[in-house]
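Close look at the chain arrangement
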Amino acid sequence: ESAGGDDTIILPNNKNVVAAAKQAAEAKMGIHVVPSNTVPQGVAAMLAFNPEESVENNLESMTAAIADIVTIEVTKAVRSTISGNVKVATGQYISLLEGEIVLAGDTAEQVLESALSQSGLSYGHIVTLYLGEDADLEGAKGVSQRLQLEYPGIQVDLIEGGQPHYHYLASVE
């Protein structure tokens, strides 16, 4: 209501919030939801927004933009656990590929590279690394260089995201 427009598009950017956003949209005219499950999907949806287009066209293009995004998240484990075949100790770095833990390790860059290698990288892909507030810029540059050597023809962009809790967020498109 305070946005002042006739239409508002919500990007939940969290799979646990999508249902609540849809419920809010059903309760009020002019509220629309692009069901982004992750921040990288939300960024892709925002980049697809065109203020010159209709709401319907924007919803279509924004929803299409999130469909091809593969998301990787790197954080530290707050407790020990076993997820699938991955054993995680408290304090280890973990990488999540599309929300599933795929590796635990001693460095954020190690688990990031492993998840990226499992994401289906190939020629022409664009990888965007969002560096969190605790990320190491030199470590990220090293990851970028190694990826470009291992996967010729990909583009790697480093962005100072500044996000807490996640050393890295990455999108592959």
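What this report covers is the structure whose coordinates are included nearby.

About the criteria used
Residues numbered from 1 in each chain as written. Predicted model: local features only at pLDDT ≥ 70, side-chain atom pairs only at ≥ 80, totals over all residues. Heavy atoms only, no water. Helix = DSSP H or I, 4+ residues; strand = E, 2+ residues; numbered from the N terminus. Buried < 20%, exposed > 50% of the residue type's maximum accessible area, 1.4 Å probe, protein only. Contact = heavy atoms within 4.5 Å. Pairing = 2+ DSSP bridges. Axes fitted to C-alpha atoms, helices over the stretch in contact; angles between N-to-C directions.

Of regular secondary structure, the chain possesses 5 helices and 10 strands. Dimensions along the principal axes, computed over C-alpha positions, put the chain at roughly 50 × 40 × 25 Å. For the chain, the residues scored as buried account for 39% of the 173 residues in total. For the chain, long-range pairs separated by at least 24 residues make up 57% of all intrachain contacts whose partners lie at least 6 apart in sequence.

Strand order in the open sheet made by the 6 strands is β7-β6-β3-β10-β8-β9, with mixed pairing throughout. Unpaired on one side and paired on the other, β7 (100–105) and β9 (155–160) mark the two borders of the sheet. Mean inter-strand twist for the sheet, computed between neighbouring axes without regard to direction, equals 20 degrees. As judged from the 5 bridges shared by strand β3 (residues 70–76) and strand β6 (residues 93–97), these two strands associate in the antiparallel manner. Within the sheet, the bridge partner assigned to K76 lies in β6 and is Y93. Packed on one face of the sheet, helix α5 (residues 137–150) meets β8 (126–131), β9 and β10 (166–172) and runs near 170 degrees to β9.

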